[in-house]
Structures are given as structure tokens and as C-alpha cells.
Amino acid sequence: MRKPKIIVSKCLNFEKCRYDGQGYNNKVIESLQKYVDIKAVCPEVEIGLSIPRDPIRIETNKEKEEYRLIQHKSNYDYTEQMNKFTKNFISNIEDVDGFILKSKSPSCGIKDVKVYHQGNKCSVHSNANGFFSKEVLEKYNYLPVENEGRLKNYSIRDNFFTKVFTINRMKECNNIVNFHNENLYLLKSYDKEKTKELNEIILSKNINEENNKKYKDIIYNIIRGNRNKRGKLEIIENIFEKYRNRLNYEEIKMFNSLIESYEQKKIPFSALAIAIRIYALRFSDKEVINQTFFNPYPEELINITDSGQGRDL
Ligand code: SF4
């Protein structure tokens, strides 16, 4: 059985390779280890920097407005070495489904790296990509790429896991019709219109190489977006409509109040999903029971702890 393949910054759980000889213990990566294949990399060590080392940083030159990777203390410029390593590393990746990179690092950070004026002490701004992550984001713009800090947020983590495990299912499955049937509700919850395009391919019953590729390209396109509350709720409401005539007044009232509580952020989405699954089981609705919409990644990875920022369970 194929496992998702994730590339991770090595200082996150794998080696104390930070400039000061320290590393991090990240609970998300710890919980993932059993379910994914991880390849860890430290770009700074790969270009020959020692552990510990004097820190490097991104500097900008007023005239040229280009970013350089500089060791402030020695004023040594590591830009070429890092670019060479990164290009070589990325072009040798055989298969990957996602990345978890260390925030704020001049090598691995994503959109949160400080940039300094050449030789100055104060940073100019702090929203650049690291040298390694910039290349990753360019080459793998269709894959989930996150930093460990953002994964503390439940919704971001849920989206990341969902994408990584959906890509894994797609790569593992040698029959896109089966994949489509099992993931249909999940895909609809991302993007109804693009899912219609997928339906057309499946309904054409012409699954040749060209259509296979077209189908997979649309999947990558769909999961570049994020599932939102409305999209997920619409799926639940549509399923409920299938059962409405078979339910009594009290059951309908109860379900409507669950939806209201979810909309008011009083209960998590999982409470609604459990309720609808109970009805699916009661009515032996196999089409619904087998949908990955309810469990897009291993249940053991569900942990509703949250950083408290943008909480949307
Ligand atoms: S952030 Fe990246 S370059 Fe820095 S220590 Fe961690 S893995 Fe190495």
C-alpha cells in the first residue's frame, strides 16, 4: 500500500541542525510519521554549513533589488551554492505529495522570512520566501506546501492532510472510475464546477491515456483551492435531502438544529458528519457510507486542537 510522500525540513523532529545546534519537536510531524513516508532535508547543512554556525540571512541590495543569502558575520555570500543545491535537489525528487517546511528560515521559510538591507541590522520587511522554499513553491505549485507554524491551525492542518491523502489515493488507484466514485462528495465540497468536468470524463466511458491525464490535472487543480464551510455544509444538506422523507418530525428538527449550531460555530463539522453517517448506515446507503468526504485521512490524525487563529472546525 502506497503512503503519501512528504519532504520535511530536517530540523523539525529529525536532526538538531539549526544554526545554534537546536531542533524542534513538532507534534503534527510526530503524528504523521506512522502514516507517511518522510524525506528530511536541511539545505544549509547540504551546502556545507556546519552545526552550529553563524546564521545566514536574506539581504537586499538597494540598487539591484535582488535577494542574496548572506552570512552577516563573515559577509560570505551563499546565494550561488544554495541555488545550485536547491535546483539539483528538486530536479532529483522522484515522487512527492507535499512539503512541511520550517517557518521564518532564510532557506525554508514560506512568505514569512525577514529581509535585511545589505549590512544593516534592521529588517526591511518580513514576507519573503526562503531560497529553498521559493524553488519548491515554483516547481510544485500544484502540491500542498505548508510550514509547521500554520499547521497548528485546525482548518489549515485538515486541508493539508486532506490534500496529501487525496493525492496519495489518486496515485495509488489504477482505476480512476473507482477513485472518482469514492471521492466524489469530497471533490464536490472543494469545487462543484470542476467536479462536473470530472463527471463528464467518467461518463464518457473513454478512459484513455489522454483523459486519464486530463482527469488527474483537474484533481490537482481542484485541490489547489481549500474546502470551505459552505462547501462542506452543502454536501451534508444534499445527503440529508435524500433521507428527509424517511425521517420523522423530531429527527428533522434535531438535524436542523445541528446545522444551525454548526453555522453558529457551536459544534464542529465532525458532529454533523457523524449524524449524517448514522442515517446513511440506517438506510444502508452504500454510496454515502463509502465516501472519503467523511474520512479523507486516517482517523488517528484527527486532533481538533487549534492555535486559536482562524478557528473553523
Ligand atoms: S530551517 Fe531548513 S535550513 Fe534551517 S536548520 Fe531547518 S532544515 Fe536546515
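The structure presented is a predicted model; accordingly, all values stated were derived computationally and were not measured.

S.K.: Explain the packing of aromatic side chains to me, please; I cannot follow it from the model alone.
M.R.: When we look at a pair of aromatic rings, we describe it by the centre distance and by the angle of the planes. Inspection of every chain in the model, using the stated rule, returns 18 aromatic pairs. Arranged with centres 6.0 Å apart and planes meeting at 55°, the rings of Tyr140 and Tyr142 form a pair that is tilted. The exposure class assigned to Tyr140 is buried, which follows from its relative accessible area of 5%. On the accessibility criterion, Tyr142 (31% relative accessible area) is partly exposed. Geometrically, the ring pair formed by Tyr279 and Phe283 is stacked, given 6.5 Å between the ring centres and 15° between the ring planes. In this structure Phe283 comes out as buried when scored by relative accessible area, which is 18%. These aromatic residues form a ring-pair network of at least three members: Phe240, Tyr243, Phe255, Tyr279 and Phe283.

S.K.: What is the right way to read the domain arrangement of the chain from this model?
M.R.: Accessible area lost when the parts come together is the quantity often used to give the size of an interface. For the chain, the assigned domains read domain 1 (5-152), domain 2 (154-222) and domain 3 (229-301). A separation of 41 Å is found between the C-alpha centroids of domain 1 and domain 3.

S.K.: Any chance you could explain the pairing of strand β8 (residues 123-128) here in plain terms?
M.R.: Look at any regular strand and the pattern is simple: side chains alternate between the two faces of the sheet. Bridging between strand β7 (residues 113-117) and β8 involves three bridges; their strand directions are antiparallel. Within β8, the residue paired with Val113 across the bridge is Ala128. From the end of β7 to the start of β8, which pair antiparallel, there are five residues, and Gly119 there has a positive phi angle of about 80°.

S.K.: I tried to follow the site of the ligand on my own but got confused; where do I start?
M.R.: The local shell around the ligand holds 14 residues, among which Cys11, Cys42, Glu44, Ser105 and Cys108 are the closest. Of the residues that constitute the shell around the ligand, the class distribution is six nonpolar, three polar and five charged.

S.K.: Just to check I follow, could you spell out the pairing of strand β6 (residues 98-101) for this structure?
M.R.: Burial of the side chains of β6 extends over both faces: Gly98 and Ile100 are buried on one face and Phe99 and Leu101 on the other. Relative to β6, strand β1 (residues 5-9) runs parallel, the two being bridged by three bridges. From the neighbouring strand, Ile6 faces β6, where its bridge partner is Gly98.

S.K.: I would appreciate a short explanation of the nonpolar core in the present structure.
M.R.: Soluble globular proteins tend to pack their nonpolar side chains together in the buried interior. Grouped together as the largest cluster of nonpolar side chains are 68 residues, with contacts concentrated most on Phe99, Tyr215, Tyr243 and Phe255. Dropping the residues within four chain positions of it, Phe99 is found in contact with Ile6, Ile7, Ile93, Val136, Tyr140, Leu143, Pro144, Val145, Glu146 and Phe160. Of all hydrophobic cores here, the second largest spans 18 residues; its members include Ile6, Leu12, Leu151 and Val164.

S.K.: Help me understand unusual backbone geometry in this model?
M.R.: Leaving glycine out, the prevailing phi sign among residues is negative, and the prevailing peptide bond configuration is trans. Cis geometry is adopted by the peptide bond preceding Pro52, which originates at Ile51 and carries an omega value of -10°. One non-glycine residue, Lys104, lies in the positive phi region at around 65°. The topology assignment puts Lys104 in the loop between β6 and β7. Residue classification places Lys104 among the exposed residues on the basis of a relative accessible area of 60%. Residue Lys205 is not a glycine yet carries a positive backbone phi of 55°. Its place among the elements puts Lys205 in the loop between α7 (192-203) and α8 (209-222). The class for Lys205 is exposed, based on a relative accessible area of 74%.

S.K.: Looking at this structure, how should I read the packing of helix α5 (residues 154-172) against helix α6 (residues 176-190)?
M.R.: Helix packing geometry: the angle between the two helix axes and the distance between the axes. α6 packs onto α5 with a crossing angle of 150° between their chain directions and a minimal axis gap of 12 Å. The angle between α5 and α6 places the two elements in the roughly antiparallel class. Helix-helix and strand crossings are classified by hand; for α5 and α6 the assignment is left-handed. Taken together, the residues of α6 that come into contact with α5 (itself represented by Asn159, Thr162, Lys163, Thr166, Arg169 and Met170) are Phe179, Asn183, Leu186 and Tyr190. Class assignment for the residues of the contact of α5 with α6 results in four nonpolar, four polar and two charged.

S.K.: Mind showing me how you'd approach the sheet that holds strand β4 (residues 67-71) here?
M.R.: Taken together, the five strands give an open sheet; going across it, the order is β5-β4-β3-β7-β8, and neighbouring strands pair in mixed fashion. Whereas interior strands pair on both sides, the edge strands pair on one side only; in this sheet they are β5 (76-77) and β8. Note that strand β3 (residues 56-60) and β7 share three bridges and pair parallel. Looking at the pairing, Ile58 lines up with Val115 of β7. Helix α3 (residues 79-91) contacts β4 and β5 of the sheet and is inclined by roughly 110° relative to β4.

S.K.: Quick question: what am I supposed to make of the pattern of salt bridges here?
M.R.: When their charged atoms lie close together, side chains carrying opposite charge are able to pair. According to the stated counting rule, one finds 27 salt bridges in the structure shown. The salt bridge partner of Asp95 is Arg2, with a shortest N-O separation of 2.7 Å. Residue Asp95 is found in the loop between α3 and β6, and its partner Arg2 is found in the segment before β1; the two are separated by 93 residues along the sequence. The class for Asp95 is partly exposed, based on a relative accessible area of 33%. As a salt-bridge pair, Arg68 and Asp77 come within 2.9 Å of each other at their nearest N and O atoms. Ionic contacts of the salt-bridge type, sharing partners, join the residues Lys192, Arg230, Glu234, Glu237 and Glu263 into one network.

Cut-offs used in this document
- Residues numbered from 1 in each chain as written.
- Predicted model: local features only at pLDDT ≥ 70, side-chain atom pairs only at ≥ 80, totals over all residues.
- Heavy atoms only, no water.
- Phe/Tyr/Trp six-rings, centres within 6.5 Å; stacked < 30°, edge-to-face > 60°.
- Buried < 20%, exposed > 50% of the residue type's maximum accessible area, 1.4 Å probe, protein only.
- Domains from an automatic or database assignment.
- Pairing = 2+ DSSP bridges.
- Helix = DSSP H or I, 4+ residues; strand = E, 2+ residues; numbered from the N terminus.
- Near = heavy atom within 4 Å.
- Nonpolar A, V, L, I, M, F, W, Y, C, P; charged D, E, K, R; others polar.
- Core = buried A, V, L, I, M, F, W, Y, C linked by side-chain atoms within 4.5 Å.
- Contact = heavy atoms within 4.5 Å.
- Axes fitted to C-alpha atoms, helices over the stretch in contact; angles between N-to-C directions.
- Parallel < 35°, antiparallel > 145°, perpendicular 65-115°, else oblique.
- Left-handed = near helix turned anticlockwise from the far one by under 90°.
- Salt bridge = Lys/Arg side-chain N within 4 Å of Asp/Glu carboxyl O.

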